[in-house]
Amino acid sequence: MWETNPNLKLDENGMDLCERYFYQVGLPMLEERFGDELDHIAAGLVGEGSECFGFDDAISTDHDWGPSFCLWLTDEDYDRFGAQLAAAYDELPEEFEGRRFARHREQAAGRRGVLRISSFYTKFLGRPTVPESPLDWLRLPESYLAVATNGKVFADPVGEFSRIRNALLGFYPEDVRRKKLAAQVATMAHTGQANFCRVMARFDTVAASMARAQFIEAAMKVTYLLNHRYALYYKWMWRGLRELSVLPEMPELIRQLAEAPLDAAAWKNVGSNVSTMPPNTADASVNLMEKICALVAGELTRQGLSNATSTYLEDHAYAVQASIENPQVRGLNLLLG
C-alpha cells in the first residue's frame, strides 16, 4: 500500500509538542499569575490545523504550526478576566524545544490562545452549543463537525467545553445519519454505476473525471458514516479513512481508483449498450467502482440499514431512506444530505 513520503515525516507530531509546551510553559504561568482562576480555565488543542488530527508532517511546519495551545472560558469568565489572560498568553515564548510557532497568516487568527467557548463552537456550528433539530444537524458540513471534535483536551475543570464536545462526539442522531447515508449512497450509484459508464461510452473523459471524483468523495463519506465518524476536509479525507475499522479495504480500493487511467480504448466496442451494469468493458475504473459498491451494499445490509437485494446502490439508498423514522427527514429529497 502506498504510504506518505517518509522524507516528510516529523520526529514527533505537533500535538505532543504542544502538550509539553502547555505543561512546561503555559501551566506554570497560569499557576503563578492566575492561581485563583485555574478552576475556571479549560485547556487543550482542538480545531483547525493538521496537528489537531495528528496528520502533520514537515510540510505542515511552514505556517500556523508550532508550540501553542487553547484556553477556553465561559462568557462570564471571559468578561471577567479574559483580557488579562490573553495578554499573559501573548507574553509566552514563541520558541520551545527548538520549534517556533509559525504565525504567518491572518486567516489563522483565533485558532490558538484565549477563546470564548461560545465563540469556538459558533465558528463551526453556527451556534454556541449542540444542534437541536435534525435539520440543524443536516445543515452542518461534516468537516466542520470533525474539526470541532478533534484534538485533545488537557484539562476542563468547569466541564462546559467538554459537555458540548462529548455531545458532538456522540455523532449524528440516527435519522440524520441514515439521511446522509441515503444521499451519498445514491450519489455513488448515479456517478459511478450509471453516469461514468454513459459518458465514457461517449468518450467524454472530462465528464468521466468529474463523475469518478464525485463517486470517490461519496464513497469515502459513506465509509465515515458507516464508522460513525465525521468526514474530514477533502485534503485529509483519504488520510483519515485509513484509520477507520469498518470497511478496512476501502482506502486501498479508493487509491487504486483515483490512480486508474481513463481508458477510452476499453470502450470502443461498448457503444450504446450501457444499460447492463456493469457493461462489458476492461476499464479498471468500472471494476473498482463495482467492488466498492458491493462492499457498501454488504455493510448496509450487515448494519440493518437496507433490505434491498440488488447490486445497484440506488435501490439501497431508497431502502435506507425508507427506514428513517422522522417523517420530515424521510420526506426530504433523496440527494439532500
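Residues numbered from 1 in each chain as written. Predicted model: local features only at pLDDT ≥ 70, side-chain atom pairs only at ≥ 80, totals over all residues. Heavy atoms only, no water.

Novice: Which residues make up the nonpolar core, and what values do they have?
Specialist: Membership of the largest hydrophobic core comes to 77 residues, with the highest contact counts inside it found for W72, L168, M188, I254, I292 and V296. Per element, the largest residue contribution to this core is 12 residues, and it comes from helix 8 (residues 174-201). Apart from the residues within four sequence positions on either side, M188 is in contact with Q193, F215, A218, A219, V222, I292, C293, V296 and L313. Core analysis: the next-biggest nonpolar cluster, separate from the first, contains 26 residues, M15, F22, A88 and L92 among them. (Core = buried A, V, L, I, M, F, W, Y, C linked by side-chain atoms within 4.5 Å. Buried < 20%, exposed > 50% of the residue type's maximum accessible area, 1.4 Å probe, protein only. Helix = DSSP H or I, 4+ residues; strand = E, 2+ residues; numbered from the N terminus. Contact = heavy atoms within 4.5 Å.)

Novice: Give a detailed account of empty space enclosed by the protein, specifying residues and quantitative values.
Specialist: This structure, assessed with the given rule, holds 1 cavity of 30 Å³ or more. In this structure, the largest cavity encloses a volume near 30 Å³. Taken together, H40, A42, W72, L73, T74, D77, I117, D156 and V158 make up the lining of the largest cavity. Its residues placed into classes, the lining of the largest cavity shows 5 nonpolar, 2 polar and 2 charged. (1 Å grid on protein atoms, 1.4 Å probe; cavity = no way out; pocket = protein on both sides within 12 Å on 5 of 7 lines; lining within 4 Å. Points joined across faces, edges and corners; volume = space filled by probe spheres on them. Nonpolar A, V, L, I, M, F, W, Y, C, P; charged D, E, K, R; others polar.)

Novice: I'd like a description of the pattern of salt bridges, backed by residues and values.
Specialist: In total, this model carries 21 salt bridges according to the counting rule given. Between R127 and D136 there is a salt bridge, and its shortest N-O distance comes to 3.2 Å. (Salt bridge = Lys/Arg side-chain N within 4 Å of Asp/Glu carboxyl O.)

Novice: Describe the packing of aromatic side chains, and please don't skip the residues or the numbers.
Specialist: If you walk through the whole model with that rule in mind, you get 21 aromatic pairs. Residues W137 and Y172 carry aromatic rings whose centres are separated by 5.8 Å and whose planes lie at 75 degrees to one another, so their mutual orientation is edge-to-face. You can see W137 sitting in helix 5 (residues 134-139) and its partner Y172 sitting in the loop between helix 7 (160-169) and helix 8, a full 35 residues away along the chain. There is no split in this pair, since W137 and Y172 are both buried. Summarising the aromatic geometry, the rings of F171 and Y172 are spaced 4.8 Å apart at their centres and angled 65 degrees between planes, so their arrangement reads as edge-to-face. Under the relative-accessibility criterion, F171 is labelled buried at 6%. (Phe/Tyr/Trp six-rings, centres within 6.5 Å; stacked < 30°, edge-to-face > 60°.)

Novice: An account of helix 3 (residues 75-90) is needed here, citing residue identities and associated values.
Specialist: Working note: α-helix, 3.6 residues per turn, so residues spaced by three or four point in the same direction. At F81, helix 3 shows its maximal bend, which comes to roughly 70 degrees. D77, F81, G82, L85, A88 and Y89 are the residues of helix 3 that are buried. Structurally, helix 3 contributes buried residues whose contacts are with helix 1 (14-33), strand 2 (70-73) and strand 5 (113-116). (Bend = angle between axes of the 7 residues up to and from the residue.)

Novice: Give a detailed account of unusual backbone geometry, specifying residues and quantitative values.
Specialist: The backbone phi angle of H228 is positive, close to 55 degrees, even though this residue is not glycine. Structurally, H228 can be placed in the loop between helix 9 (205-226) and helix 10 (234-241). Here the phi dihedral of L247 falls at roughly 60 degrees; this positive angle occurs in a residue that is not glycine. Examined against the element boundaries, L247 turns out to sit in the loop between helix 10 and helix 11 (250-259). Its relative accessible area of 8% is what places L247 among the buried residues.

Novice: Tell me what's going on with the packing of helix 9 against helix 10, and back it up with residues and numbers.
Specialist: Running from N to C, helix 9 and helix 10 cross one another at 55 degrees; their axes reach a closest spacing of 10 Å. As the angle between them shows, helix 9 and helix 10 are arranged oblique. In the crossing of helix 9 with helix 10, the sense of the turn from one axis to the other is left-handed. Across the interface between the two elements, E217, M220, K221, T223 and Y224 from helix 9 touch W236, M237, W238, G240 and L241 from helix 10. Residues that form the contact of helix 9 with helix 10 fall into these classes: 6 nonpolar, 2 polar and 2 charged. (Axes fitted to C-alpha atoms, helices over the stretch in contact; angles between N-to-C directions. Parallel < 35°, antiparallel > 145°, perpendicular 65-115°, else oblique. Left-handed = near helix turned anticlockwise from the far one by under 90°.)

Novice: Summarise the side chain of D136; cite the residues concerned and give the values.
Specialist: Position of D136 among the secondary structure elements: in helix 5. For D136, the side chain forms a polar contact with the side chain of R139, separated by 3.0 Å. Aside from chain neighbours lying at most four places away, what touches D136 is R127 and P131. (Polar contact = N/O pair within 3.5 Å; in protein donor to acceptor, adjacent residues only side chain to side chain.)

Novice: Give a detailed account of the sheet that holds strand 6 (residues 152-155), specifying residues and quantitative values.
Specialist: Think of a sheet as strands paired side by side through backbone hydrogen bonds, with each pair either parallel or antiparallel. Spatially, 4 strands are ordered 5-2-1-6 in an open sheet, and the strand pairing comes out mixed. Either end of the sheet is taken by a strand with one partner, and the two such strands are strand 5 and strand 6. For this sheet, the mean inter-axis angle between neighbouring strands, taken without regard to orientation, is 35 degrees. In the sheet, strand 1 (residues 42-45) pairs with strand 6 via 3 bridges, with the strands oriented antiparallel. Paired with L45 across the bridge in strand 6 is K152. (Pairing = 2+ DSSP bridges.)

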